[in-house]
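# Survey of secondary and tertiary structure
Residues per chain, in single letters:
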Amino acid sequence: MTRALILGGTADASLLAAEIARAGIDAIYSYGGRTRAPAGQPLPTRIGGFGGVSGLADYIRREEITHVIDATHPFAAEMSRNAVAACAETGTPLIALERAPWVQVLGDNWIEIPDVNAAVAALPEAPANVFLAIGRQHVAPFATKPQHAYTLRFVDPPDAPLPFAADVIVSRGPFTLEGELEMIRKRSITWIVARNSGGDGARAKIDAARRLGLPVVMIARPQLPERLRVESAAEIMQWLGHRACLGA
C-alpha cells in the first residue's frame, strides 16, 4: 500500500495534493509552519518541523511512509537536505517536485549573484528605493545598507520588529503584471531583489522590471544533494504508479 508524505508549502504542492486526493492515494501533507494561516488541503495535514534528519526519519518509520515528495520552495534548502538524508537512512523513495528556474531573456537587466550577502553588496551605495522580494527570514543582512528605502512583501504581518525601517505590504500571490507595475510605480521602486524561485505565481515582478527597465538582483538557488527531480504533478503520479487525472 502506498502512503505518501508531501513536504509542501507551495502552489505546486497544493495542486499535487488535489491530484493525489482525487486519485484516492493515502497521503499526508506537511507544512513547515512559517505561514500563520496556511491554505487548506484535501489531505490530512500536519504543521511544524520534524526535528532534523533523525526526527524526519523517525516520522517516516512511525507513520509507515512509503514515498516522500519534496514539494517545498526551491530555497527551503535545509528541509530538502534533511529529506535526502532521512530517506537514505530509512530506504524510502524520494522525489522532488521542483519548478524550473527563470531564465534571463532579451530586455532583462539581471545581476546574478549566489546568495543574500552578495545581494546586499550588489545594491548601490547611493540611496535607492528597493523592493526586497525574498521572504522575511532573509532580510536582516540588508540592515548594513540603511540608506535605502525598502519595500517588503510578506504573506503574514511581521511578528517582530524589522532590523530597519521599511514599507511592508501584506499580500498573498499569485500576482499580476498590472498589479506589480502599479506597485512599483506607486513606490518609485528603482531596484528589485528577488530569489530565482521559478514558476508563474511570483514571476510578474520580473516581467514588470523588464517592462520598466529596472535592474534585478537575482539570487541563485542553493546547491542541493543529487535527487530525482521532476517539474509536474503528472510525473509525480506516474512515479507513484497512478495515472494523472488532470480534468477541468
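Residues numbered from 1 in each chain as written. Predicted model: local features only at pLDDT ≥ 70, side-chain atom pairs only at ≥ 80, totals over all residues. Heavy atoms only, no water.

### Examining the packing of helix α2 (residues 52–62) against helix α3 (residues 77–90)
Running from N to C, α2 and α3 cross one another at 55°; their axes reach a closest spacing of 8 Å. Between α2 and α3, the angle falls in the class oblique. Of the two possible hands of crossing, α2 and α3 adopt the one that is right-handed. Of the residues in α3, those in contact with Gly 52, Val 53, Leu 56, Ala 57, Ile 60 and Arg 61 of α2 are Met 79, Asn 82, Ala 83, Ala 85, Ala 86, Cys 87, Glu 89 and Thr 90. Class assignment of the residues belonging to the contact of α2 with α3 gives a composition of nine nonpolar, three polar and two charged. (Axes fitted to C-alpha atoms, helices over the stretch in contact; angles between N-to-C directions. Helix = DSSP H or I, 4+ residues; strand = E, 2+ residues; numbered from the N terminus. Parallel < 35°, antiparallel > 145°, perpendicular 65-115°, else oblique. Left-handed = near helix turned anticlockwise from the far one by under 90°. Contact = heavy atoms within 4.5 Å. Nonpolar A, V, L, I, M, F, W, Y, C, P; charged D, E, K, R; others polar.)

### Concerning the pairing of strand β4 (residues 67–70)
Here β4 shows a buried face lined by His 67 and Ile 69 and a second buried face lined by Val 68 and Asp 70. Where strand β1 (residues 3–7) lies against β4, four bridges are found, and the strand directions are parallel. Bridged to Ala 4 within β4 is His 67. Strand direction decides the pairing type here: β4 and strand β5 (residues 94–97), joined by three bridges, are parallel. Bridge pairing links Val 68 to Leu 94 in β5. Running through α3, the crossover from β4 to the neighbouring parallel element β5 is right-handed. (Buried < 20%, exposed > 50% of the residue type's maximum accessible area, 1.4 Å probe, protein only. Pairing = 2+ DSSP bridges. Right-handed = clockwise from strand over helix to strand, strands pointing away.)

### A closer look at the environment of Leu 212
Of note, Leu 212 is situated in helix α6 (residues 204–212). The spatial distance from the C-alpha of Leu 212 to the C-alpha of Ile 65 is 48 Å, given a sequence separation of 147 residues. Among residues more than four places away in sequence, those in contact with Leu 212 are Leu 181, Ile 184 and Arg 185.

### Regarding the side chain of Glu 98
If you trace the backbone, Glu 98 turns up in the loop between β5 and β6 (110–113). Among residues more than four places away in sequence, those in contact with Glu 98 are Arg 221, Leu 224, Arg 227, Arg 229, Val 230 and Glu 231.

### Overview of the side chain of Glu 180
Tracing the chain through its elements places Glu 180 in helix α5 (residues 177–186). The class for Glu 180 is buried, based on a relative accessible area of 2%. If we ignore the near neighbours within four places in the chain, the residues touching Glu 180 are Arg 153, Phe 175, Ala 204, Lys 205 and Ala 208.

### Details of the pattern of salt bridges
Close approach of charged atoms allows side chains with opposite charge to pair. Counted under the stated rule, the structure contains 17 salt bridges. Between Asp 26 and Arg 3 there is a salt bridge, with its nearest N and O atoms 3.0 Å apart. Of this pair, Asp 26 sits in strand β2 (residues 26–31) while Arg 3 sits in strand β1, and the two are 23 residues apart along the sequence. Note on Asp 26: relative accessible area 35%, which makes it partly exposed. With a shortest N-O distance of 2.9 Å, Asp 108 and Arg 210 are connected by a salt bridge. Highlighted residues: Asp 108 in the loop between β5 and β6 and Arg 210 in helix α6, separated in sequence by 102 residues. (Salt bridge = Lys/Arg side-chain N within 4 Å of Asp/Glu carboxyl O.)

### What to know about the nonpolar core
With 21 residues, the main nonpolar core has Leu 123, Val 130, Leu 132, Phe 142, Tyr 150, Val 193 and Ile 219 as its most contacted residues. Broken down by secondary-structure element, the contributors of at least two residues to this core are α4 (116–122), β7 (129–133), β8 (149–154), β10 (191–195) and β11 (216–219). When residues of this core are assigned to their parent elements, the largest contribution, four residues, is made by α4. Setting aside its immediate chain neighbours within four residues, Val 193 contacts Ala 119, Leu 123, Val 130, Phe 131, Leu 132, Ala 133, Ile 134, Phe 142, Val 217 and Ile 219. (Core = buried A, V, L, I, M, F, W, Y, C linked by side-chain atoms within 4.5 Å.)

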